[in-house]
Amino acid sequence: MNRGPIPPHVVRHGAAVTAVRADNPGALTLTGTQTYVIGTSRLVILDPGPRDDTHLVRVDRVIGGRPVAAVCFTHAHRDHTAAAQEAAARWAKLRASAETLSRLEREGRPLADGEKIALGGGLQLRALATPGHSADHVCYLLEPDRILFTGDLVLGEGSTMIVHPDGSVRAYLESLARLTALRPTLLLPGHGSAVERAPAYLDACRAHRIERVAQVSRARKSGARSLQQIREAVYGDLPASHHQAAEVTLRAYLAYLEES
Ligand SMILES: [Zn+2]
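The text that follows walks through the structure, step by step, so that each part is easy to find.

### Here we look at the sheet that holds strand E5 (residues 68–72)
So, step 1. Strand order in the open sheet made by the 7 strands is E1-E2-E3-E4-E5-E6-E7, with mixed pairing throughout. For this open sheet the edge positions go to strand E1 (10–12) and strand E7 (109–110), each flanked by a neighbour on one side alone.
So, step 2. As defined by bridge partners, strand E2 (residues 17–21) adjoins strand E3 (residues 34–38) across 5 bridges and the pair is classed as antiparallel. Bridging across to E3, Ala19 finds its partner in Tyr36.

### What about the layout of surface pockets?
So, step 1. Its volume calculated, the second largest pocket comes out at about 210 Å³.
So, step 2. Around the second largest pocket sit 18 residues that line it, and Pro7, Thr31, Gln34, Gly192 and Ser193 are the ones nearest its centre.
So, step 3. Every element with two or more residues in the lining of the second largest pocket is listed here: E2 and E3.
So, step 4. With 3 residues, E2 is the single largest residue contributor to the lining of the second largest pocket.
So, step 5. Taken together, the residues that form the lining of the second largest pocket break down as 9 nonpolar, 6 polar and 3 charged.

### Focus on the packing of aromatic side chains
So, step 1. A full pass over the atoms with the stated rule returns 1 aromatic pair.
So, step 2. Here Arg209 stacks its cationic end above the ring of Tyr172, 4.8 Å away from the centre of that ring.

### Digging into the coordination of the zinc ion
So, step 1. At this site the zinc ion is bound by His75 (NE2), His77 (ND1), His133 (NE2) and Asp152 (OD), with donor distances of 2.1 to 2.3 Å.
So, step 2. Donor residues binding the zinc ion come from one chain and are separated in sequence as H-x1-H-x55-H-x18-D. With His133 in the loop between strand E9 (123–129) and strand E10 (138–143) and Asp152 in the loop between strand E11 (147–151) and helix H5 (169–181), this pair connects stretches of sequence that are 19 residues apart. Asp152 shares its class with His133; the two are buried.

### Here we look at empty space enclosed by the protein
So, step 1. Counted by the stated rule, this structure contains 1 cavity of 30 Å³ or more.
So, step 2. Looking at the largest cavity, its volume works out to about 30 Å³.
So, step 3. Taken together, Gln34, Tyr36, Leu46, Asp47, Thr74, Phe149, Thr150, Gly151, Leu188 and Gly190 make up the lining of the largest cavity.
So, step 4. Going through the elements one at a time, E3 and E11 are the ones with two or more residues in the lining of the largest cavity.
So, step 5. Per element, the largest residue contribution to the lining of the largest cavity is 3 residues, and it comes from E11.

### With respect to the pattern of salt bridges
So, step 1. On inspection of all chains with the given rule, the structure shows 14 salt bridges.
So, step 2. Across the pair Glu99 and Arg103 runs a salt bridge, and its minimum N-O distance is 2.7 Å. Note that Glu99 and Arg103 are positioned in helix H4 (residues 98–104) at a spacing of 4 residues, about one turn of the helix.
So, step 3. With a relative accessible area of 35%, Arg103 lands in the partly exposed category.
So, step 4. Between Glu143 and Arg126 there is a salt bridge, and its shortest N-O distance comes to 2.8 Å. Of this pair, Glu143 sits in strand E10 while Arg126 sits in strand E9, and the two are 17 residues apart along the sequence.
So, step 5. Taken together, the shared-partner salt bridges in this structure form one network comprising Glu99, Arg103, Asp136 and Asp166.

What counts and how
Residues numbered from 1 in each chain as written. Predicted model: local features only at pLDDT ≥ 70, side-chain atom pairs only at ≥ 80, totals over all residues. Heavy atoms only, no water. Pairing = 2+ DSSP bridges. Helix = DSSP H or I, 4+ residues; strand = E, 2+ residues; numbered from the N terminus. 1 Å grid on protein atoms, 1.4 Å probe; cavity = no way out; pocket = protein on both sides within 12 Å on 5 of 7 lines; lining within 4 Å. Points joined across faces, edges and corners; volume = space filled by probe spheres on them. Nonpolar A, V, L, I, M, F, W, Y, C, P; charged D, E, K, R; others polar. Phe/Tyr/Trp six-rings, centres within 6.5 Å; stacked < 30°, edge-to-face > 60°. Lys NZ or Arg CZ within 6 Å of the ring centre and 35° of its normal. Donors = N, O, S within 2.8 Å, 3.2 Å for Na, K, Ca; no water. Buried < 20%, exposed > 50% of the residue type's maximum accessible area, 1.4 Å probe, protein only. Salt bridge = Lys/Arg side-chain N within 4 Å of Asp/Glu carboxyl O.

Below, the structure written as structure tokens:
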């Protein structure tokens, strides 16, 4: 897949956010996992990413000796969390949903839905339970700027996996509606580039899913039975590297059609 030019490792988004991209590109991670350094005087490190010293040193350079209030996670998938232990040792206590901490089998302080972490300088980071990609998924809103960290719920390009049965289409659509209602000014995803036209992009994500569900329904009505037949009818000629991800998400569409 042509993803265009490889972006730089470190990208600033205004005064209070820096993205540090890990070198773990792939079919699901796009150009690599984004670790975010959030705040000005007191920081949160969001999704430390894979175990990779070069990446952690880059994050350290952005931190530049400023105090770190917490290392937070959007969800427990390894490409976001494999460096959890190193991050806790280097920077601060782990904070995530109780479910994410339990999946990681790590000590930390659970973050409740809606809970805020004060960052100093009038900034705060709010946790938002947003299941759909996975059941434990949390997005984070930087206030008052309304910059939204979308983890794997919304990617910078393409569409995310709905990891059936942990993820669900119904939960995903509800989470998208919750994000839209926040009127974010900027989306910063776990993979891919920043999205500036946030409301239109969230609407497009919703429309895309609804269209996919309709396509799966039509494929079944026209006789497709096996997952492979449905995949071919819905996605056409997909590279083999994407088959498994497509079929996991197809199972989520089928479950959604079953229950609606
Ligand atoms: Zn994920």
